[in-house]
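A closer look at the structure
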Amino acid sequence: MTGNSKYRYLFIINPVAGISGKKHFPEMIARVFGEIAVAVETCFTTGKGNASHLVRENWDRFDVFVAVGGDGTVNEVISAVAGSEKFFSLIPAGSGNALGRELGLSMWPARALKEMVTSQPKVIDTGTVNGRRFVNVCGVGFDAHIAGRFAKSKLRGPLSYVAHVLRDFVTYQPHWYRITIDGKTFRRKAFVVTVANTSQFGNNAFIAPRAKVDDGLLDICILKPFPVGMAPDLALRLFNRQLDGSKYCEYFQGKDIQIEGETLGYQVDGEPFVNNEPLHLSVENKSLNILVPEPTESLLARLSLDKLMKF
Ligand SMILES: Nc1ncnc2c1ncn2[C@@H]1O[C@H](COP(=O)(O)OP(=O)(O)OP(=O)(O)O)[C@@H](O)[C@H]1O
């Protein structure tokens, strides 16, 4: 028996997240968790918004709501759990898996599930944008453009992201934005303006390398227009946690951010939205109880990969 045996778990599985089938998940979850938790149930989402609905519908029956899917599923579950005494957890099974990677979880669902048995409680920050909750990143510009493309695409998985980026980044036109960070306002033409609670878009693309999920701050990365020839250097920096060292990047930290612009399609944890109002973003310090295993080999593997890439 572990300390987690006192909890009642609801696993909310998105059947279309990522590229792997999910039909075997309920059986796998019952096998691993059946004997150690007070109660374990699984359910499948039926469409957009359904994961939040499933949390609310089952609120009193469970202590831990587990998202099984990608960052869109995570966003829907955390939106219903944040600010309460209930716990959130996740099995990364999507295309980008930004939060799972940030927390050092295994990208192999079966392994992540086994590691979850020994999870420890932690409290992390979330952000809000015009009243909508996010846990990873929110942004305007090229990332929002790609989120829109990806949402319409039938192909999922990391390679689908790469294909969209390669197809559109040469022709994408940067826009002007009026940005206010903790009361200081300035204008910038930008390829991307990202406001980040965690350091990455997903797939270890570190748009905000200094971001920490529990520091009470949002990190703002402004990627200015750059010559096409600089794309390989910026891509290398993105995956090597060094984007903030580029002369095309301006980097800030703050708690209260406003973004105004003519074109304000934006993305929230990878999901696209259209908006005609200025975006108001703020951090909610220590607003989400999570249950995750201590970072082990999966995080260590990532760290040693980072070290290798520096040589
Ligand atoms: N049964 C369903 N049928 C169709 N879409 C669904 C269903 N359940 C959930 N969705 C939607 O699927 C979308 C994609 O899910 P999710 O973001 O978890 O996976 P992903 O996009 O593959 O991974 P990532 O966000 O990590 O890149 C979300 O917008 C979610 O609302």
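Residues numbered from 1 in each chain as written. Predicted model: local features only at pLDDT ≥ 70, side-chain atom pairs only at ≥ 80, totals over all residues. Heavy atoms only, no water.

If you look the chain up in an unreviewed UniProt entry, it shows as YegS/Rv2252/BmrU family lipid kinase from Prolixibacter denitrificans.

1. Regarding the packing of aromatic side chains
The full count for this structure, using the stated rule, is 12 aromatic pairs. Ring centres of Tyr 9 and Phe 11 lie 6.1 Å apart, and the angle between their planes is 20 degrees; this geometry places the pair in the stacked category. Just as Tyr 9 is buried, Phe 11 falls in that class too. An aromatic cluster is defined as three or more aromatic residues linked by ring pairs; in this entry it consists of Phe 142, Tyr 172, Phe 191 and Phe 226. (Phe/Tyr/Trp six-rings, centres within 6.5 Å; stacked < 30°, edge-to-face > 60°. Buried < 20%, exposed > 50% of the residue type's maximum accessible area, 1.4 Å probe, protein only.)

2. Looking at the nonpolar core
Grouped together as the largest cluster of nonpolar side chains are 44 residues, with contacts concentrated most on Tyr 177, Val 193, Ile 259 and Leu 281. Looking at which element gives the most residues to this core, the answer is strand 11 (residues 218-223), with 5 residues. Every residue in contact with Ile 259, bar those within four places of it in the chain, is listed here: Val 140, Tyr 177, Arg 178, Val 193, Val 195, Leu 264, Pro 278, Leu 279 and Leu 281. Of all hydrophobic cores here, the second largest spans 26 residues; its members include Leu 10, Leu 54, Ala 80 and Leu 105. (Core = buried A, V, L, I, M, F, W, Y, C linked by side-chain atoms within 4.5 Å. Helix = DSSP H or I, 4+ residues; strand = E, 2+ residues; numbered from the N terminus. Contact = heavy atoms within 4.5 Å.)

3. Examining the domain arrangement of the chain
Under the domain assignment used here, the chain contains domain 1 (3-119 + 293-299) and domain 2 (132-285). Relative to domain 2, the C-alpha centre of domain 1 lies at a distance of 26 Å. Each partner contributes to the interface: domain 1 provides 17 residues, whereas domain 2 provides 20 residues. When the two sides are added together, the surface that domain 1 and domain 2 hide from each other amounts to roughly 1,500 Å², 54% of it contributed by carbon and sulfur. Area buried by domain 1 at its contact with domain 2 is led by Ser 95, Arg 101 and Glu 102, which between them contribute 33% of it. (Domains from an automatic or database assignment. Buried area = accessible area lost by both parts, 1.4 Å probe.)

4. Side note on the packing of helix 1 (residues 25-33) against helix 5 (residues 109-116)
At a minimum axis distance of 10 Å, the contact between helix 1 and helix 5 shows a crossing angle of 30 degrees. With respect to each other, helix 1 and helix 5 are oriented roughly parallel. Where helix 1 crosses over helix 5, the two elements pack in a sense that is right-handed. Between helix 1 and helix 5, the contacting residues are Phe 25, Met 28, Ile 29, Val 32 and Phe 33 on the first element and Pro 109, Ala 110, Leu 113, Lys 114 and Met 116 on the second. Of the residues in the contact of helix 1 with helix 5, the class split is 9 nonpolar, no polar and 1 charged. (Axes fitted to C-alpha atoms, helices over the stretch in contact; angles between N-to-C directions. Parallel < 35°, antiparallel > 145°, perpendicular 65-115°, else oblique. Left-handed = near helix turned anticlockwise from the far one by under 90°. Nonpolar A, V, L, I, M, F, W, Y, C, P; charged D, E, K, R; others polar.)

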